[in-house]
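Structure assessment
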Amino acid sequence: MICSCGCLERGTQAGTVMTMNEFLQDYTESRDNTTKTFVYELKSLDDGDTLIIRDTLFNLSFNGEKNYTLVLFSSVENQAFAVEGDITGSYEKNDAVELTFHIIKVNFQFQGWNITYETFKEGWDTNSNNTVPFPQTVIRHA
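Here is a short report on the structure shown in this document. (Residues numbered from 1 in each chain as written. Predicted model: local features only at pLDDT ≥ 70, side-chain atom pairs only at ≥ 80, totals over all residues. Heavy atoms only, no water.)

Some remarks on the overall build of the chain
Going by this rule: Secondary structure elements follow DSSP: runs of H or I of four or more residues count as helices, runs of E of two or more count as strands, with numbering from the N terminus. Radius of gyration here is computed from C-alpha atoms only, and the compact-globule reference equals 2.2 Å multiplied by the residue count raised to the power 0.38. Between buried and exposed lies partly exposed: a residue is buried under 20% and exposed over 50% of the maximum accessible area for its type, with that area taken using a 1.4 Å probe on protein chains only. Residue contacts follow a heavy-atom distance rule, with two residues in contact if any of their heavy atoms lie within 4.5 Å. Using a 1.4 Å probe, accessible areas were evaluated by the Shrake-Rupley method; residue-level cover was limited to the displayed protein chains. Positive charge is attributed to Lys and Arg, negative charge to Asp and Glu, and no charge count is given to His or to the chain ends. Here the site of a charge means NZ on Lys, CZ on Arg, CG on Asp, or CD on Glu.
Along the chain, the regular secondary structure elements total one helix and twelve strands. Starting at the N terminus and walking to the C terminus, you meet the elements of the chain as β-β-α-β-β-β-β-β-β-β-β-β-β. Against the globule reference of 14 Å for 142 residues, the chain gives a C-alpha radius of gyration of 16 Å, in line with a compact fold. Over its C-alpha atoms, taken along the principal directions, the chain stretches across nearly 50 × 50 × 25 Å. Within the span of the chain, comprising 142 residues, buried residues form 37% of the whole. A separation of at least 24 residues holds for 55% of the contacts in the chain among residues at least 6 apart in sequence. Element-wise, carbon and sulfur atoms account for 45% of the exposed surface of the chain, whose accessible area totals about 8,500 Å². Separation between the mean location of the 10 positive side-chain charges and that of the 20 negative ones in the chain comes to 2 Å.

Have a look at this one:
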């Protein structure tokens, strides 16, 4: 039996569709102080899944010194995401947008802790085990 979940749009994209707030609410966290293990995983998504964030832009601000644009979404106005370069000429407040990501599960050590974390492939540096600004290719007008 084959089961397929998600949304098909315009025949070109397949994936799970969420607002940014729904995505952030999908995380679960567990911590074991004895084994020094911290797990931050998604309930609805797994390694290799495609996620489409469909939301409205609440605000954008370009940081010229670091060359990225901080993006805030209407569904969760207190969580900023960085996109490489200046996208303020192409996007503005109240624009409906879609961001397409691929979920990866990463495992690494940090200050003696074993960390398991599900995150965006496009915003993760596997060499430093840290977040990086998203490439502009992940965002488009909806």
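Description of the nonpolar core
Here is the rule: The criterion is simple. A nonpolar core is a set of buried Ala, Val, Leu, Ile, Met, Phe, Trp, Tyr and Cys residues joined through side-chain atoms within 4.5 Å.
Membership of the largest hydrophobic core comes to 33 residues, with the highest contact counts inside it found for Phe23, Leu51, Phe73, Leu99 and Phe120. When contributions to this core are tallied by element, the ones reaching two or more residues are helix 1 (20-25), strand 4 (37-42), strand 5 (50-63), strand 6 (68-73), strand 7 (76-84), strand 8 (96-110) and strand 9 (113-120). Of all the elements, strand 8 adds the most residues to this core, at seven residues. Beyond its immediate chain neighbours, meaning those up to four positions away, phenylalanine 120 contacts Phe23, Leu51, Phe81, Phe101, His102, Ile103, Ile104 and Phe134.

Here we look at unusual backbone geometry
Notably, lysine 36 is not glycine yet its phi reads approximately 55°, a positive angle. Here lysine 36 shows up in the loop between strand 3 (27-32) and strand 4. Accessibility expressed as a relative area gives 36% for lysine 36, which makes it partly exposed.

Notes on the pattern of salt bridges
This is how the line gets drawn: One speaks of a salt bridge when a side-chain nitrogen belonging to Lys or Arg is within 4 Å of a carboxyl oxygen belonging to Asp or Glu.
Tallied over the entire structure, the rule returns four salt bridges. Between arginine 31 and glutamate 29 there is a salt bridge, with its nearest N and O atoms 3.6 Å apart. Taking the shortest distance from any N to any O, the salt bridge between glutamate 98 and arginine 140 comes out at 2.8 Å. Highlighted residues: glutamate 98 in strand 8 and arginine 140 in strand 12 (residues 139-141), separated in sequence by 42 residues. The exposure class of arginine 140 is partly exposed, given its relative accessible area of 28%. The network of salt bridges with common partners includes Arg54, Glu98 and Arg140.

Considering the packing of aromatic side chains
Condition: Any pair of Phe, Tyr and Trp rings, taking the six-membered ring for Trp, is counted once the centres come within 6.5 Å. Such a pair is stacked with planes under 30 degrees apart, edge-to-face with planes over 60 apart, and tilted for the rest. For a ring to carry a charge above it, either NZ of a lysine or CZ of an arginine must fall within 6 Å of the ring centroid while also lying within 35 degrees of the normal to the ring plane.
Under the criterion given, the structure shown has 14 aromatic pairs. Ring plane angle 65° and centroid distance 6.2 Å describe the contact between phenylalanine 73 and phenylalanine 81, whose orientation is recorded as edge-to-face. Overall, the relative accessible area of 12% leaves phenylalanine 81 in the buried class. Joined through ring pairs, the aromatic side chains of Phe23, Tyr27, Phe38, Tyr40, Phe73, Phe81, Phe101, Phe108, Tyr117, Phe120, Trp124 and Phe134 make up one cluster. It is arginine 31 that lies over the ring of tryptophan 113; its NZ or CZ is 6.0 Å from the centre. In this structure, lysine 93 is placed above the aromatic ring of phenylalanine 58, and the distance from its NZ or CZ to the ring centre is 5.2 Å.

By themselves, these are just geometric observations and shouldn't be taken as functional.
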